[in-house]
Amino acid sequence: MRQRKTEPQLPSDGVVRIFRGKGGRGGKAVSVVRGLPRRDLEAVARDLKKYCGSGGTVKDGAVEIQGDQREKIAERLTAQGYTVKIAGG
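Not measured: the values here are computed from a predicted model. (Residues numbered from 1 in each chain as written. Predicted model: local features only at pLDDT ≥ 70, side-chain atom pairs only at ≥ 80, totals over all residues. Heavy atoms only, no water.)

Let's talk about the nonpolar core
The nonpolar side chains of soluble globular proteins are, as a tendency, buried together.
Next up, step 1: Core analysis: the biggest nonpolar cluster contains 14 residues, and Val-33, Leu-36, Leu-48, Val-63, Ile-65, Ile-73 and Leu-77 have the highest contact counts within it.
Next up, step 2: Mapped onto this core, the elements with two or more residues apiece are β1 (15-21), α1 (41-52), β4 (62-66) and α2 (70-79).
Next up, step 3: Looking at this core element by element, the count peaks at five residues for α1.
Next up, step 4: Ignoring any residue separated from it by four or fewer positions in sequence, one finds Val-33 in contact with Val-16, Arg-17, Ile-18, Leu-48, Ala-62, Val-63, Ile-73 and Leu-77. (Core = buried A, V, L, I, M, F, W, Y, C linked by side-chain atoms within 4.5 Å. Buried < 20%, exposed > 50% of the residue type's maximum accessible area, 1.4 Å probe, protein only. Helix = DSSP H or I, 4+ residues; strand = E, 2+ residues; numbered from the N terminus. Contact = heavy atoms within 4.5 Å.)

Now the structure itself:
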């Protein structure tokens, strides 16, 4: 049985972090947004999917948007008043 890799604990400093991930998704890239307030997750996911023109979901307290859309997402969230950091490689 394969162990599921746990996500790193993020500091609760109010910074929204955007990661690129593809594990467990058949090799397809997704942009993962972490650090958003829980009450905003559904609304932000809906807005980002529309803005990026792609699918996505809310999973495990994070917003996942299909494709490597990190720059677009950072631009959109910054315009909405969030402090954003693009994390990872």
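Still more ground to cover, so stick around.
With respect to α2
Next up, step 1: Where α2 is concerned, the buried positions are Arg-70, Ile-73, Ala-74 and Leu-77. An end-on view of α2 places all buried positions within 100° of arc, on one side of the element. Pointing more than 90 degrees away from the buried face of α2 are the exposed residues Glu-71 and Ala-79.
Next up, step 2: Looking at the buried side of α2, the elements it contacts are β1, β2 (30-34), α1, β4 and β5 (83-86). (Arc of directions from axis to C-beta.)

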